[in-house]
Amino acid sequence: MSVPTAAAARTVCAPLPVLGRDVTVPLVTGGEVTYAALDYAASAPALQRVWDDVAAYAPYYGSVHRGAGYLSQLSTDLFENARRTVTGFLDCRPDDQLVFTRSTTDSLNLLARALPAGCQVFVFETEHHASLLPWQDARVTYLDAPRTHGQAVETLERALAGRDPHGPALVCVTGASNVTGELWPVRELAAAAHAHGARIVLDAAQLAPHHPVSVRDLDVDWIAFSGHKLYAPFGAGVLAGRADWLTAADPYLAGGGASRKVTRREDGGVDVEWHESAARHEAGSPNVIGAYAIASACKALTEAGFDDLVAREEYLIAKVRAGLAGVPQVKVLSLFGDDAPRVGVISFVVEGWNSSHFAAALSAEYGIGVRDGLFCAHPLVRTLLGGDPQTQGECGAPEAAPGEKSLNAIRVSFGAGTPDEHVDRFVDAVRELVRDGARWQYRTQDGRCVPAVG
């Protein structure tokens, strides 16, 4: 694999300003270094633009949909304008509904609660747990991990062909893997789903921060993503798509805001008339700051231009992959092969190293933050590493279940705010650790690999 040239670097845009870019951290070997945040797939840093917008609004914070005062009216307008901004960012259909939630996990659990009776759900074992687990009250068919885009479509078509053609069905699929970064053939899977009378929901948690996402172009029925992965870590998420199942379902949470009218009955009970708008599933005081932050991030990414952002990310991906390819002891994990398109998420293992030990050394000795473990995608990681996909493990822990303590991986991830220096330092650190070993002793404490003291 060829190493990107200096000329190539000049053709891509500069990284977007993010919080924490100048933070320094101590090294166990002495001194301090600027922290290299390379765990964007878990939570991306806040864009400076998002932080500034939130700070400018904060003095005007007020209740939403509740008050007659100026600040309440302003906050309500801000909240609903944020809904319109995010709807436009996703290129939703005119009659789609956008619900603000807490996260991708919350969004998909909301949709799971709204499934019609008898709905059958089809989901690949390769999903993040947020999209793998919410459907357990439905009739779920788990599909084996495919090894090509074509195989993914064929696997889904075979499964759908055998379903009850008269009942409702839903397909859940990721847009980009949180383990390998590989893009999935969403448009083709949506076409297969619709050809068999099923609907499809897209987990865009790892796709939306890296690529433009159009509900209409991809022809998905719903899309879910989290603000904290979209450079807006203020506790909000999104579920957007068709309104009918959401309107027909009982509210996700019962309470103020979801109810339009509540009256006492003569028998002592209460009758409730629920909203039919997005408010039906937004009970309680809305997270206006979280919604506004997501809208700010959507504006910032759109204004920066996804063509430029994608070009820069592909440049960084090429640098990391070329660097890792130069270390024979490193094995990069992949479902679809080296040529598969991907976002800035790369997982790998290092021969002779426990992945948790390696990640701890990157942090303690080089000031580089990555992720180690099974990445809340246990069946997929075990499939890629050749482990038993039925064996349970602890999400994110450096040591998995008994008998598979080495069954974990390292994940490096980056995005619009990542400078060249961070990925350069990461590649150099990998080479040095493999060549020379760690310079410090490490031990397990509270389930994590940490530097030994004394």
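Everything below is about the structure shown above.
Predicted model only: the values in this text are computed from it and were never measured.

Engineer: Give a detailed account of empty space enclosed by the protein, specifying residues and quantitative values.
Structural biologist: Per the counting criterion, the structure on display carries two cavities of 30 Å³ or more. Empty space within the largest cavity amounts to approximately 60 Å³. Pro209, His210, Tyr231, Phe306, Leu309, Arg312, Glu313, Gly415 and Ala416 are the residues that line the largest cavity. For the second largest cavity, the calculated volume is near 30 Å³. As for the second largest cavity, its lining consists of Tyr40, Ala44, Gln206, Pro209, His210, Lys229, Tyr231 and Phe414. Of the residues in the lining of the second largest cavity, the class split is five nonpolar, two polar and one charged.

Engineer: Residues and numbers for the packing of helix α6 (residues 149-161) against helix α7 (residues 186-195), please.
Structural biologist: Taken N-terminus to C-terminus, the directions of α6 and α7 make an angle of 15°; their axes are 10 Å apart at the nearest point. Classified by the angle their axes make, α6 and α7 are roughly parallel. Crossing hand, α6 versus α7: right-handed. Contact with α6, carried on its side by Ala152, Val153, Leu156, Glu157 and Leu160, involves Glu188, Leu189, Ala192 and Ala193 of α7 and no other residues of that element.

Engineer: Before we move on, could you go through the state of the cysteines and cite the residues and values that matter?
Structural biologist: Using the criterion set out here, one finds zero disulfides in the structure. Unpaired in this structure, Cys13 has its nearest cysteine sulfur neighbour in Cys298, at a distance of 18 Å. Judged by its relative accessible area of 22%, Cys13 is partly exposed. Among the cysteines around Cys119, which has no disulfide bond, Cys172 carries the closest sulfur, lying 11 Å off. Overall, Cys119 belongs to the buried group, its relative accessible area being 3%.

Engineer: Got a sec to walk through the sheet that holds strand β4 (residues 97-101)? Specific residues and values, please.
Structural biologist: Paired through their backbone hydrogen bonds, the strands of a sheet run either parallel or antiparallel. Strand order in this open sheet of seven strands is β4-β10-β9-β8-β7-β5-β6, and the pairing throughout is mixed. Edge positions in the open sheet fall to β4 and β6 (139-143), since each of these has one partner strand only. The sheet shows a mean angle of 20° between the axes of neighbouring strands, direction not considered. By the bridge criterion, four bridges tie strand β5 (residues 120-124) to strand β7 (residues 169-174) in an arrangement that is parallel. Residue pairing for β7: Val121 is matched across the bridge by Leu170. Running at roughly 150° to strand β9 (residues 222-226), helix α4 (residues 104-113) makes contact with β4, β7, β8 (199-203), β9 and β10 (237-241) of the sheet.

How each quantity is defined
- Residues numbered from 1 in each chain as written.
- Predicted model: local features only at pLDDT ≥ 70, side-chain atom pairs only at ≥ 80, totals over all residues.
- Heavy atoms only, no water.
- 1 Å grid on protein atoms, 1.4 Å probe; cavity = no way out; pocket = protein on both sides within 12 Å on 5 of 7 lines; lining within 4 Å.
- Points joined across faces, edges and corners; volume = space filled by probe spheres on them.
- Nonpolar A, V, L, I, M, F, W, Y, C, P; charged D, E, K, R; others polar.
- Axes fitted to C-alpha atoms, helices over the stretch in contact; angles between N-to-C directions.
- Helix = DSSP H or I, 4+ residues; strand = E, 2+ residues; numbered from the N terminus.
- Parallel < 35°, antiparallel > 145°, perpendicular 65-115°, else oblique.
- Left-handed = near helix turned anticlockwise from the far one by under 90°.
- Contact = heavy atoms within 4.5 Å.
- Disulfide = S-S within 2.5 Å.
- Buried < 20%, exposed > 50% of the residue type's maximum accessible area, 1.4 Å probe, protein only.
- Pairing = 2+ DSSP bridges.

In short, geometric facts, not functional conclusions.
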